[in-house]
Every structure is written in structure tokens, then in C-alpha cells.
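Take a look at the letters that make up each chain.
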Amino acid sequence: MSETQTAEAIPAATIVIFRKAAGGGAPELLMTVRSRNMAFAGGMAVFPGGRVDQADFDLAQAVSAGNGLAIDEAAHQIAAIRETLEETGLALGLSGDLSGEKAAAARTMLEQDGALAGILKAFDWTLDFDQIVPFARWYPKNENLSRVYDTRFYLADLGTGAVDVSIDNSENTRLFWVSAQGALDAAERGEIKLIFPTRRNLERLALFDSFAAARAQAEDIPVKTIIPKVDTSTGTPMLTILENAGYPVTSELLESVARG
């Protein structure tokens, strides 16, 4: 257990999936709108992801030899791969004989079984951690939230993005592609709602004109655990984050912050 993690923290993983925009310009990111019935971030636009299950840790243990990752880190990346397949139908972080048809069949199987290990065996796929890039880690332990997730953020590249995605009809109500700045602009117009971590990450992602640029910064700046804190030193309460973790905006008026 890390220095910043407590027994109440729920381990989670989320993935920022890039694709090249059809008309050029800033890369597009895949976002989902969570069902309003969800206990956490209901109705909010977020990136695909979810909690790390025990089966993810078990699989991480089973494939630990030779991948260079700590079991805890591998489990989070496995959860990101699993949640991507479950929530979007995309088979990222996997290698083997992949196709849209097989991804759809694997998704159906995953919905029934809930674990990725059986999928790998059934389709003769292997995990490809090189496709998954660690980007950030957020742990809002100081905030008054109904659930506190210790969430690791990852990046992945879909390239041209010439594939279909579809909602899982349980946790999410909409999937859409949008540039980081486009998502921020949509939030300003009231078309989507963003919680504090998603907004800060979108501002950071808006800095990049390609997946390669995002990956380069992610590899240049070691992942630090972001623990938002309330700063009242100016007399106006602000929710703040680290200044040296790659984020261009590091504070927001506490009264305007959207939480989970």
C-alpha cells in the first residue's frame, strides 16, 4: 500500500484513448457520459475506466514474469484494458489475431464472465503493456466524496480510429469522440459536465497536437499522485493540485468545483 493510499481508497484505472481527427487538427479523445444512476460521477463526461478487480490482480500475478511491471501496476493496466473492452468494445493493450468481430465476441464473453484471463485463453491473445502509457494518478482523499478512488490514468493510441464503438448499456449512456479543447468548450456551453480531475486532465491534454507529444510528456514527467487540497491563504477557498506535475491549470474556485 502506498504512502498516499488508505484502506478506504478504491483502486481504479482509466484510459485516455487517442485517434487522429478525420479532417486533421487536434487529436480526438474517446469520452463517455456515465448513467445518472451511478453512485460516482453520475451524468458526468469521463474517460472509460473503472475499479481494479481481484481478478485483475490475479492475472497480473500470473503474467508477472518478464514484463518489467510491479504486480500492482500491471493489475491497474489490466483493469484499463478490461474496462476499455467492456465499456467501448475496443481491444486495446492486446496482441494476437484481432478483429472487430472477435472484439465484439470477446466483449460479450467479458460481460458474462467479468475477467480478462478467460478472454486471453479463448482468443489466444496476449497482453501488450507497451500500448499503455502511464499518465497520471489522482487520489482525492481530502474531499468529501461518497466514494474515494485512487485512480491511475493511462494513454493509448487508436491511430486512424476507423472502428465502431458502442456503449455498454449499463454504466454509460453515450460515447463520443472530441478533442480535449472541444470537450472543455462543450462544458463551458453546458453541453457536458466535468468533475475536477477530468477538467484538469483535459486542460493538460489540450496542450498536445498528437499522441506522440502526449506520450513524450508523460514519459518525461514521472507520475506523481495528485491529492487535491483546499487553499484558503488568499481568503477565497481554492481547490489546488501540484504545480510540477504537467498541468497548466492547478487551482479552481472551490465553490465552482464539480465532484463525483
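Above this text you will find the structure in question.
Residues numbered from 1 in each chain as written. Predicted model: local features only at pLDDT ≥ 70, side-chain atom pairs only at ≥ 80, totals over all residues. Heavy atoms only, no water.

**Some words on the environment of Ala60**
- Within the secondary structure, Ala60 sits in helix H1 (residues 54–62).
- Ignoring anything within four residues of it in the chain, the contact list for Ala60 reads Ile71, Ala74, Ala75 and Ile78. (Helix = DSSP H or I, 4+ residues; strand = E, 2+ residues; numbered from the N terminus. Contact = heavy atoms within 4.5 Å.)

**Points about the sheet that holds strand S11 (residues 229–231)**
- With antiparallel pairing, the 3 strands of this open sheet are ordered in space as S11-S12-S13. Strands at the two margins of the open sheet, each flanked by one partner only, are S11 and strand S13 (251–253). Here the strands of the sheet are splayed against their neighbours by 35° on average, with no regard to which way each runs.
- In this sheet, S13 lies alongside strand S12 (residues 238–240) in antiparallel orientation, the contact comprising 3 bridges. In the sheet register, Thr240 faces S13, and the bridge partner there is Ser251. (Pairing = 2+ DSSP bridges. Axes fitted to C-alpha atoms, helices over the stretch in contact; angles between N-to-C directions.)

**Things to note about helix H5 (residues 180–188)**
- Every buried residue of H5 is listed here: Ala180, Gly182, Ala183, Leu184, Ala186 and Ala187.
- Where H5 terminates, the next one or two residues include Gly190, which has phi positive at roughly 80°. (Buried < 20%, exposed > 50% of the residue type's maximum accessible area, 1.4 Å probe, protein only.)

**A look at the environment of Ala115**
- By secondary structure assignment, the location of Ala115 is in the loop between helix H3 (100–113) and helix H4 (117–123).
- Residue class for Ala115 comes out buried when judged on its relative accessible area of 16%.
- Setting aside residues no more than four positions away along its own chain, Ala115 makes contact with Ala55 and Leu110.

**Brief notes about the packing of aromatic side chains**
- Under the defined criterion, the tally for this structure stands at 4 aromatic pairs.
- Seen in terms of ring centroids, Phe18 and Phe211 are 5.3 Å apart; in terms of plane orientation they differ by 70°. Their pairing is edge-to-face. Highlighted residues: Phe18 in strand S1 (residues 10–19) and Phe211 in helix H7 (residues 211–220), separated in sequence by 193 residues.
- By relative accessible area, Phe18 is classed as buried at 1%.
- Ring geometry for Trp138 and Tyr247: centres 5.7 Å apart, planes at 85°, overall edge-to-face. Here Trp138, found in strand S7 (residues 133–138), pairs with Tyr247, found in the loop between S12 and S13; they are 109 residues apart in sequence, far enough to count as distant. Neither residue differs from the other here; Trp138 and Tyr247 are each classed as buried.
- Put simply, the rings of Trp138, Phe196 and Tyr247 pair up and form one aromatic cluster.
- Note that Arg204 overlies the ring of Phe135, its terminal NZ or CZ placed 3.8 Å from the centroid.
- The side chain of Arg204 reaches across the aromatic face of Tyr247, ending 4.9 Å from its centre. (Phe/Tyr/Trp six-rings, centres within 6.5 Å; stacked < 30°, edge-to-face > 60°. Lys NZ or Arg CZ within 6 Å of the ring centre and 35° of its normal.)

**A closer look at the packing of H5 against helix H6 (residues 196–205)**
- Two elements in contact, H5 and H6, have axes separated by 8 Å at closest approach and are oriented at 135°. Classified by the angle between their axes, H5 and H6 sit oblique to one another. H6 is crossed by H5, and the crossing has left-handed handedness. Each of Ala180, Ala183, Leu184, Ala187 and Glu188 in H5 lies in contact with H6, whose residues at this interface are Arg199, Leu202, Glu203 and Leu205. (Parallel < 35°, antiparallel > 145°, perpendicular 65-115°, else oblique. Left-handed = near helix turned anticlockwise from the far one by under 90°.)

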